[in-house]
Amino acid sequence: MDMGAKQAIVLSRLAMALSQQLMHQHMAIRAANSCGCGSSCQPAYLLSVADVSCHPQVAHLPERAVFYASVVPLLAYYALFATVVYPIAHTLHPLDLMHSLMPAVPAGLHGLLKVAGNWTYSLFFC
């Protein structure tokens, strides 16, 4: 076997060992961050109540109570948006600030600036 083939074998074994080590580290981190329900329970995920098995304080409630606890705040927000926020949205949006920042911001960030300028609509459609 020539020297190049030996180096290739050594590098492939090293890459395999490194990938296995990274996989074990990933699994250990996932197990440490998991609550035992199989999901990763990211901070944004914790804001929703889609998987109540992660939350023991909610898991013992009847399904109907969990349904109403998740739907009522959403409907209340829709009602608040329709009656209060939408009629005064033009005063809540910092459109003048958005238009003044447009020339100073790279063209690729204009969309983000528009989302921030129309924040009430962005919040409603999230």
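Residues numbered from 1 in each chain as written. Predicted model: local features only at pLDDT ≥ 70, side-chain atom pairs only at ≥ 80, totals over all residues. Heavy atoms only, no water.

**Concerning the overall build of the chain**
In plain terms, the rule: Runs of H or I in DSSP of at least four residues are treated as helices and runs of E of at least two as strands, each being numbered from the N terminus. Exposure classes here rest on a 1.4 Å probe applied to the protein chains alone. A residue is buried below 20% of its type maximum, exposed above 50%, and partly exposed in between. Only heavy atoms matter for contacts: two residues are in contact if any of them lie within 4.5 Å across the pair. Note on areas: these come from Shrake-Rupley sampling with a 1.4 Å probe, and a residue is covered only by the protein chains present in the view.
Regarding its fold elements, the chain presents 8 helices and 0 strands. In the chain, which comprises 126 residues, the proportion classed as buried is 11%. Here the analysis covers contacts within the chain between residues at least 6 apart in sequence; of these, 34% occur between residues at least 24 apart. Summing over all exposed atoms, the chain offers an accessible surface of approximately 9800 Å²; the carbon and sulfur share of this is 70%.

**Section: the confidence of the model for the chain**
Note the following rule: Think of pLDDT as the predictor's per-residue confidence, scored from 0 to 100.
On average, residues of the chain carry a pLDDT of 74, and 58% of them reach 70 or more. The low-confidence segment residues 37–47, where pLDDT is below 50, has 16 contacts with residues more than four positions distant or belonging to other chains.

**Observations concerning the packing of aromatic side chains**
Geometrically, a pair of aromatic rings is defined through the distance of the ring centres and the angle of the planes. Under the convention used in this document: Under the pairing criterion, centres of Phe, Tyr and Trp rings, with the six-membered ring standing for Trp, must be within 6.5 Å; the plane angle then separates stacked pairs below 30 degrees from edge-to-face pairs above 60, leaving the rest tilted.
Summed over all chains, the structure comprises 9 aromatic pairs. Centre to centre, the rings of phenylalanine 67 and tyrosine 68 are 5.3 Å apart; their planes meet at 70°, and the pair counts as edge-to-face. For tyrosine 68, a relative accessible area of 41% translates into the label partly exposed.

**Concerning helix H4 (residues 63–85)**
Quick reminder of the rule: Given the number of residues in a helix, its expected span is that number minus one, multiplied by 1.5 Å.
Helix length check: H4, at 23 residues, gives a terminal C-alpha distance of 32 Å against a target of 33 Å (1.5 Å per residue), a fit within 8%. Every buried residue of H4 is accounted for by Val66, Phe81 and Val85.

**A look at the side chain of threonine 120**
As for its position among the elements, threonine 120 is in helix H8 (residues 119–125). What threonine 120 contacts, discounting residues up to four positions off in sequence, is Tyr77, Phe81, Val85, Ala89, Leu92 and His93.

**Some details on a nonpolar patch on the surface**
Condition: Two distance rules govern patches: like charges are joined within 9 Å, and nonpolar side chains (Val, Leu, Ile, Met, Phe, Trp, Tyr) within 5 Å, applied only to residues with over 30% relative accessible area and no salt bridge. Each reported salt bridge corresponds to a side-chain nitrogen of Lys or Arg within 4 Å of a carboxyl oxygen of Asp or Glu.
Side chains of Leu80, Val84, Ile88, Leu92, Trp119 and Leu123 sit close together on the surface and give an oily, nonpolar patch of about 500 Å² of accessible area. Among the secondary structure elements, those contributing two or more residues to the nonpolar patch are H4 and H8. As for its placement among the helices and strands, tryptophan 119 is situated in helix H8.

**Focus on the side chain of histidine 93**
Which entries qualify depends on this criterion: We define a polar contact as two N or O atoms separated by no more than 3.5 Å, with the added condition that, inside protein, one atom must be a possible hydrogen donor and the other a possible acceptor, whereas residues neighbouring each other in sequence contribute only through side-chain atom pairs.
With respect to the helices, strands and loops of the structure, histidine 93 is situated in the loop between helix H5 (89–92) and helix H6 (95–101). Among the polar contacts listed, one links the side chain of histidine 93 to the side chain of threonine 120, at a separation of 2.4 Å.

**Some thoughts on the environment of leucine 101**
On the secondary structure map, leucine 101 appears in helix H6. We classify leucine 101 as partly exposed; its relative accessible area is 34%.

**Description of the environment of alanine 116**
Tracing the backbone through its elements, the reader meets alanine 116 in helix H7 (residues 110–117). Assessed through its relative accessible area of 44%, alanine 116 is described here as partly exposed. Sequence-wise, alanine 116 and histidine 93 are 23 residues apart; in three dimensions their C-alpha atoms are separated by 8.5 Å.

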